[in-house]
Amino acid sequence: MKKLFIILLLFIAGCDMFTTRDPASPENRPQNYLTPTTPDIILANMKESFKDGYVEYYIECFADPTFITRKFKFIPSGSAGSSYPAFSDWNLDGEKQYFNKLKTIIASGSSVELTFSNQVFNPQGDSTVVTADYHISFTARDSGFPSDYQGYLQFKMFLDRRNQWVIVEWQDIKKENYNSWSDLKGRLY
């Protein structure tokens, strides 16, 4: 019994179990990702997430029920809403699934280019409504897959319990003669 105790003691001392270690740095972490202390940072983080293909930081742009009681809601463009049944119950899992699928259809060595223009930030007490034009473009592996999407969006953002801005509601509006962001989501869900 005494030998077992000594062996166990040596094992514990040799394992370095009780010392702290440096945290591991996540792979592919977007270098320009910032804590969203202002609504405009959400847009910047979303752009970086697309450029780097990092789904975790894309999802962090949206309301997380751990930190806010409001539930994320996506309102697709009218034509896409009726074309893709997945939108009837769209949630963060849908966002994650479409984003991950998008990464698989991008041509090797290419990335997704997301730009916002004509941004308007309208503070409303504990929330902010953001409107903007968007443009998404990429080179797909399959040349027949549409790779240009344009439209207008409206984000309703709130501060969560961490005092960080998150998107609670997203309305997509189709721009005439272009595929909308909703079309991209619907095709890839």
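These figures come from a predicted structure and were not determined experimentally.

Visitor: An account of the overall build of the chain is needed here, citing residue identities and associated values.
Guide: The secondary structure content of the chain amounts to six helices and five strands. Start at the N end of the chain and walk to the C end: the helices and strands fall as α-α-α-β-α-α-β-β-β-β-α. In the chain, which comprises 189 residues, the proportion classed as buried is 40%. For the chain, contacts bridging at least 24 residues in sequence account for 62% of all contacts bridging at least 6. Entry remark: accessible area of the chain is about 11,200 Å², with carbon and sulfur atoms responsible for 51%.

Visitor: Could you give me a rundown of the pairing of strand β4 (residues 148-159), with the residues and numbers involved?
Guide: In terms of strand pairing, strand β3 (residues 127-137) meets β4 through eleven bridges, oriented antiparallel. Bridging across to β4, T131 finds its partner in Q154. Looking at chain direction, β4 and strand β5 (residues 165-174) are connected through nine bridges and run antiparallel. By the bridge assignment, M157 is partnered in β5 with I167. The turn joining β4 and β5, which pair antiparallel and follow one another in sequence, is formed by five residues; a positive phi near 65° is taken by N163.

Visitor: Hey, could you go over the pattern of salt bridges for me, with residue numbers and the actual values?
Guide: Across all of its chains, the model carries four salt bridges by this definition. R162 is paired through a salt bridge with D160; the nearest N and O atoms lie 2.5 Å apart. Note on R162: relative accessible area 33%, which makes it partly exposed. For D160, a relative accessible area of 7% corresponds to the buried category. Note that K174 is salt-bridged to D183, the shortest N-O span being 3.8 Å. Judged by its relative accessible area of 34%, K174 is partly exposed. With relative accessibility at 7%, the residue D183 sits in the buried group.

Visitor: Go over the nonpolar core with me, naming the residues and quoting the values.
Guide: Soluble, globular proteins show a tendency: their nonpolar side chains are buried together. In terms of nonpolar packing, the biggest core is built from 40 residues, with M46, F50, F138, I167, W170, W181 and L184 touching the most fellow members. For this core, the secondary-structure elements that each account for two or more residues are α2 (39-52), α3 (55-59), α5 (92-105), β2 (113-124), β3, β4, β5 and α6 (181-188). With residues near it in sequence (within four places) discarded, W170 still touches Y58, F62, F72, K73, F74, I75, E95, L153, Q154, F155, W181 and K185.

Visitor: Go over the packing of aromatic side chains, please, and point to the residues and values.
Guide: A ring pair, where both rings are aromatic, is described by two values, the distance of the centres and the angle of the planes. Under the defined criterion, the tally for this structure stands at 21 aromatic pairs. Here W170 and W181 contribute two aromatic rings whose centre-to-centre distance is 4.7 Å and whose plane-to-plane angle is 80°, an arrangement assigned as edge-to-face. Residue W170 is located in strand β5, and its partner W181 is located in helix α6; the two are separated by eleven residues in the primary sequence. Summarising the burial analysis for this pair, W170 and W181 share the class buried. In this structure, R70 packs its charged tip against the face of F158, placed 3.8 Å from the ring centre. Above the ring of F74, the side-chain terminus of K185 is found at 3.6 Å from the ring centroid.

Visitor: Talk me through the environment of R162; I want residue IDs and the actual numbers.
Guide: Tracing the backbone shows R162 in the loop between β4 and β5. The sequence separation of R162 and F67 amounts to 95 residues, and the corresponding C-alpha distance is 6.8 Å. For R162, the side chain forms a polar contact with the side chain of D160, separated by 2.5 Å.

Cut-off values and rules
- Residues numbered from 1 in each chain as written.
- Predicted model: local features only at pLDDT ≥ 70, side-chain atom pairs only at ≥ 80, totals over all residues.
- Heavy atoms only, no water.
- Helix = DSSP H or I, 4+ residues; strand = E, 2+ residues; numbered from the N terminus.
- Buried < 20%, exposed > 50% of the residue type's maximum accessible area, 1.4 Å probe, protein only.
- Contact = heavy atoms within 4.5 Å.
- Areas by Shrake-Rupley, 256 points an atom, 1.4 Å probe, with all protein chains shown as cover.
- Pairing = 2+ DSSP bridges.
- Salt bridge = Lys/Arg side-chain N within 4 Å of Asp/Glu carboxyl O.
- Core = buried A, V, L, I, M, F, W, Y, C linked by side-chain atoms within 4.5 Å.
- Phe/Tyr/Trp six-rings, centres within 6.5 Å; stacked < 30°, edge-to-face > 60°.
- Lys NZ or Arg CZ within 6 Å of the ring centre and 35° of its normal.
- Polar contact = N/O pair within 3.5 Å; in protein donor to acceptor, adjacent residues only side chain to side chain.

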